[in-house]
Amino acid sequence: MGPGPINAYPRVLQAMSNQLIGQYDPVMTGYMQQVQQLYRGVFNTSNEATLLIDGTARAGIEAVLVSALKPGDKVLIPVIGRFGHLLCEIAYRVGAEIRTIEVEWGEVCDPALIEKEIKAFQPKMLATVQGDTSTTMNQPLAEIGEICSRYGVLFYCDATASVGGNALKVDEWYLDAVSVGLQKCLGGPSGSAPITLSDGFVNEISKRRHIELGLRTEQHSAGSEPMIRSNYFDLPMILDYWGEERLNHHTEATTMLYAARECARLFLEEGENAVLDRHEVAGQAMAQGLETMGLKLFGNQKYKMNNVVGVYIPQHIDGEAIRSELLNLFGIEIGTSFGPLHGKIWRIGTMGYNARQEAVLSTLAALEAVLVKHKAAINTGVGVQAAMTCYAAHFQAQSVLAK
Ligand SMILES: *Cc1c(COP(=O)(O)O)cnc(C)c1O
């Protein structure tokens, strides 16, 4: 019950136990095409360039930034938490000229401020994070997308922590590039990074297309701009591999492809609305349970992600001792936190397979028991009840709707 990685859906684990197949086996290339179509559904996009980057979520981030940004290109980065700093670091390694908008942890960035900075700085790209698990906040993207499209700025977002638990509308919100991972609300293991790229973004990076010697024929044409400084994360090469020609690049990670495929199938079978609803009620029940217990929640609750809540560690309580007893006595893991929040808050996730009533209720019950053992000043006997009430109201409303 941490902020990820989380327990995988059993069907994802089953899918991963299947035999390996060759990368040009028609079953494999068929699966690759299915994965592209499935993730168009997950991302709410018609982008042709929708595929997997092999590696953890940051492989997706790095592929986008290293392929789109040349040394000296300007990128504007609103930083709402730890992962905003990661975007800056990767952009810095690429040699981009970076301007940041720093927001206090626990808040999100005001779109008006973004518009002002775009006018002043005139960046090629705006890079941001949707859900930043470090602060539990979910940055609204619709208005930022509209601004970027108006000023002709490429709009990239890392939606690893939010995808599958919070709305993400790639086409409607004018996103040019989005990358995610499986180990949060999609309910899979870390190690595959689904991405989607708009036609405009693909046009831009295609200017740096390069074909490896040894594969190149007379029919191939290279781009006019400097070569991308990473081979593994060269998106035009990866697009050539996933595209019609299937030009060899890396060996596609077969088992991770099975996992990514199953995650998307589960998401689409349950249905986007139902999945988001399940995450919303789990997040609400967890937050209400904690508050009723007398604990204080972290950050601006108006912008909290559905799938993770930050909660202050009560005064005079050893946060790490509580975490370790939860793990060792109850088999339940909750998260610690980074940077300015280190030692101040725990982060409790309700994601993917763990966004279930029994997981929420048993986590609250276990936390209460351990806090009582440590003589924390909390309200006993009411937290689990509050969460149960929250779920009962939700199921009641659902059954009324169904009628
Ligand atoms: C969890 C998380 C990641 C994870 O990156 P990995 O490379 O898979 O460890 C990336 N971005 C955000 C916003 C996250 O919350």
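Residues numbered from 1 in each chain as written. Predicted model: local features only at pLDDT ≥ 70, side-chain atom pairs only at ≥ 80, totals over all residues.

Some points on the pairing of strand β4 (residues 125-129)
Item 1. In terms of residue burial, β4 counts as a mostly covered element, since five of its five residues are buried.
Item 2. In terms of strand pairing, strand β2 (residues 74-79) meets β4 through two bridges, oriented parallel. Counterpart to Leu76 in the pairing with β4 is Leu126.
Item 3. The sheet contact formed by β4 and strand β7 (residues 154-158) spans five bridges and is parallel. (Buried ≥ 20, exposed ≤ 12 C-beta atoms within 10 Å, placed from the backbone. Helix = DSSP H or I, 4+ residues; strand = E, 2+ residues; numbered from the N terminus. Pairing = 2+ DSSP bridges.)

Considering the nonpolar core
Item 1. Formed by 127 residues in total, the largest nonpolar core has its most connected members in Ala91 and Phe155.
Item 2. Shared between two domains, this core holds at least three residues of each, these being domain 1 (10-268) and domain 2 (272-402). (Core = buried A, V, L, I, M, F, W, Y, C linked by C-beta atoms within 7 Å. Domains from an automatic or database assignment.)

Considerations on the pairing of β7
Item 1. With five of five residues buried, β7 lies mostly within the body of the structure.
Item 2. With burial as the criterion, each face of β7 is covered, one bearing Leu154, Tyr156 and Asp158 and the other bearing Phe155 and Cys157.
Item 3. Of the strand pairs in this sheet, β7 and strand β8 (residues 177-179) are connected by three bridges, and their pairing is parallel. Its bridge partner lying in β8, Cys157 is registered against Val178.

A short note on the packing of helix α5 (residues 111-121) against helix α6 (residues 142-151)
Each pair of packed helices gets described by two things: the angle between the helix axes and the distance between those axes.
Item 1. Interaxial distance between α5 and α6 falls to 9 Å at its minimum, and their mutual angle equals 20 degrees. Taken as axis vectors, α5 and α6 run roughly parallel relative to one another. The way α5 lies across α6 gives a crossing that is right-handed. Together, Pro111, Ile114, Glu115 and Ile118 of α5 and Glu143, Ile144, Ile147 and Tyr151 of α6 make up the contact between the two elements.
Item 2. Residue composition of the contact of α5 with α6, by class: six nonpolar, no polar and two charged. (Axes fitted to C-alpha atoms, helices over the stretch in contact; angles between N-to-C directions. Parallel < 35°, antiparallel > 145°, perpendicular 65-115°, else oblique. Left-handed = near helix turned anticlockwise from the far one by under 90°. Contact = placed C-beta atoms within 7 Å. Nonpolar A, V, L, I, M, F, W, Y, C, P; charged D, E, K, R; others polar.)

Concerning the UniProt feature "domain: Aminotransferase class V" (unreviewed entry) in the protein
Item 1. As recorded in UniProt, the sites labelled "domain: Aminotransferase class V" (unreviewed entry) are residues 29-205.
Item 2. In the segment residues 29-205, helix accounts for 38% and strand for 23%; the C-alpha atoms at its two ends are 24 Å apart. (UniProt positions renumbered as here; feature names shortened; annotations may be inferred.)

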